[in-house]
Amino acid sequence: IPLIPAAIRILGLLFVFTSDTPQYLSQIGKIGEAEAALSDIYHYEEVNIQMEQLKQERQRSSGEITLGTLFGPRYRKALFIGITLSWIQQFSGINAVVFYSTKIFQGSFDPKAVISAETMKTVGIFNALFGIINAVSAFAAALVVDKAGRKAILMIGNLLCFVFLGALAYLVYAQNFTVSRYFVLLYDFAFGISLGPIVWLYISEILPAQGIAVAVFFNWIFTLIVGLGFPIISDPKVLDAYGGFLLFAVCCILGEVFITFVVKETQGKTLVEAQNLYNDAQGDEEDTQAPFLKAN
C-alpha cells in the first residue's frame, strides 16, 4: 500500500511535470521551447508579453550570477526570504512528526514494548494513509495556489500546523494515542498543502537558479539539525516528545509572524515581476495580498 503514493509521484514526474520552466529555457537560449512552455500556461495574447519580459530579464542578467551578486542589493532580500522560508518549513516539525508517527500509530514510545499483529496492521494502514494524504495534498495545493495566492496558503497552512502540533503535543502527553493518530494525518495534510510544496514554488519564483541552490543547501542544513536534534530534545530527561512538538509549535508562531509581515504575494505576477519584489536596486515594491486577504 505505501507504494501507491510513491507510484503517483513517479507517474507525475514522468507524464505531467515533463518540461523545464519558461524562465530557465529562456536563460539557456531555447527561445522556441520557452514560448511553447508559456503557451501551455497563458492565453495566446499573454504569451508575447511574457516573452518580452523574459527577453528583458535575459538581457539584464546576461552576466554570471555569483555569490557576490546573490548577496548584493538585487537578490539579498529575496535570498533572506528563501532561506527563512526553508527554516520555517523544516522547523514546522515535519520530520519530527514523520520520525515519531510510527510510534504514535503503534500506541507506544517504549522500544521494548511487544506489538501485536493487529497493532502492526493498524500501523501499516496509518502509514499508508500518511503517504497518500501527502501526495493528495500536494495535488490539492496545485489546484488552489493560483486562486488563493501563495502567501494566503502559507499563512493558513502554517497556522493549521501550529494548531495540530499543539493538539498532538497534548494528546501525546495524555497518552491518548488513539486520537493522536488522526492529528498526525491532519498535520500531514496541512503541511502537504502549504509549507511542503508552496515554499518551493515561492522560492523558485523570487530567486534565480543559483539562489534556489543556496536556499536548498540551507534547507538540508535545517533538516539535519531537526533530524539530529529532535531525538535529543524528545528524551524524557530533556523535553520529552510532547515538549518537542510544543517547541515546533512555537516555531510555527514565529513563522506565521514572518509570513504575515515580511513575505509578499507573487500571485498574478510574472517571473520577472516576482524576482523584482525584493529588489533593493529598484526600490520597494507594493506588497500585494491575495484577493480575499486584502483590506476593504
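Just so it is clear, the model here is predicted, and its values are computed rather than measured.

### What about the pattern of salt bridges?
For the coordinates displayed, the defined rule picks out two salt bridges. Where R150 meets E205, a salt bridge forms, and the shortest distance between an N and an O atom there is 2.6 Å. Separated by 55 residues along the polypeptide, R150 in helix 9 (residues 150-173) and E205 in helix 11 (residues 197-206) bring together distant segments of the chain. Across this residue pair, the class does not change: R150 and E205 are buried. Overlapping salt bridges, with partners in common, bring together D146, R150 and E205 in one network.

### With respect to helix 11
When we look at burial in helix 11, the residues that qualify are I198, V199, Y202, I203, E205 and I206. The buried residues of helix 11 occupy one face: seen down the axis, they fall within an arc of 160°. Those residues of helix 11 hidden inside the fold are in contact with helix 6 (76-90), helix 8 (117-148), helix 9, helix 12 (209-233) and helix 14 (271-275).

### Side note on the packing of helix 7 (residues 94-106) against helix 10 (residues 177-192)
At a minimum axis distance of 10 Å, the contact between helix 7 and helix 10 shows a crossing angle of 150°. Accordingly, the angle class assigned to the pair helix 7 and helix 10 is roughly antiparallel. In this structure, helix 7 meets helix 10 at a crossing whose hand is left-handed. Counting all contacts with helix 7, which are made through I94, V97, S101, I104, F105 and Q106, the residues of helix 10 involved are F177, S180, R181, V184, L185, Y187 and F191. Looking at side-chain class alone, the contact of helix 7 with helix 10 contains nine nonpolar, three polar and one charged residues.

### As for the packing of aromatic side chains
How two aromatic rings sit relative to each other is set out by the distance from centre to centre and by the angle between their planes. Inspection of the entire model under this criterion finds 17 aromatic pairs. Between Y187 and F191 the ring centres are 6.4 Å apart and the planes differ by 20°, which places this aromatic pair in the stacked class. Of this pair, Y187 and F191 both sit in helix 10, four residues apart, roughly one helical turn. Judged by relative accessible area, Y187 falls into the buried class, the value being 1%. Taking the centre distance of 5.6 Å and the plane angle of 85° together, the rings of F217 and F218 count as edge-to-face. For F218, a relative accessible area of 28% gives the class partly exposed. Members of the aromatic cluster, each reached through a chain of ring pairs, are W87, F91, F99, Y100, F217, F218, F222, F230, F245 and F248. Between R181 and the ring centre of F126, over which it is positioned, the NZ or CZ distance is 5.8 Å.

### Here's the deal with the confidence of the model for the protein
Per-chain confidence: the protein averages 83 in pLDDT, with 84% of residues scoring 70 or above. Here residues 283-296 scores under 50 on pLDDT; set against residues more than four positions off or in separate chains, the count is 26 contacts.

### Examining unusual backbone geometry
Positive phi outside glycine occurs at Q175, with the angle close to 60°. Residue position: Q175 is located in the loop between helix 9 and helix 10. One non-glycine residue, D240, adopts positive backbone phi at about 70°. If you trace the backbone, D240 turns up in helix 13 (residues 240-261).

### A short note on the state of the cysteines
All told, the structure shown has zero disulfides when counted by the stated rule. Left without a disulfide partner, C161 is nearest to the cysteine sulfur of C252, which lies 5.5 Å away. Using a relative accessible area of 0% as the deciding quantity, one classes C161 as buried.

### Some thoughts on the environment of V123
Here V123 is to be found in helix 8. Separated by 17 residues in the primary sequence, V123 and Q106 place their C-alpha atoms 5.7 Å from one another. Those residues within four positions of V123 in sequence are excluded, and the remaining contacts are T102, F105 and Q106.

Thresholds, definitions, all that
- Residues numbered from 1 in each chain as written.
- Predicted model: local features only at pLDDT ≥ 70, side-chain atom pairs only at ≥ 80, totals over all residues.
- Heavy atoms only, no water.
- Salt bridge = Lys/Arg side-chain N within 4 Å of Asp/Glu carboxyl O.
- Helix = DSSP H or I, 4+ residues; strand = E, 2+ residues; numbered from the N terminus.
- Buried < 20%, exposed > 50% of the residue type's maximum accessible area, 1.4 Å probe, protein only.
- Arc of directions from axis to C-beta.
- Contact = heavy atoms within 4.5 Å.
- Axes fitted to C-alpha atoms, helices over the stretch in contact; angles between N-to-C directions.
- Parallel < 35°, antiparallel > 145°, perpendicular 65-115°, else oblique.
- Left-handed = near helix turned anticlockwise from the far one by under 90°.
- Nonpolar A, V, L, I, M, F, W, Y, C, P; charged D, E, K, R; others polar.
- Phe/Tyr/Trp six-rings, centres within 6.5 Å; stacked < 30°, edge-to-face > 60°.
- Lys NZ or Arg CZ within 6 Å of the ring centre and 35° of its normal.
- pLDDT = per-residue confidence, 0-100.
- Disulfide = S-S within 2.5 Å.

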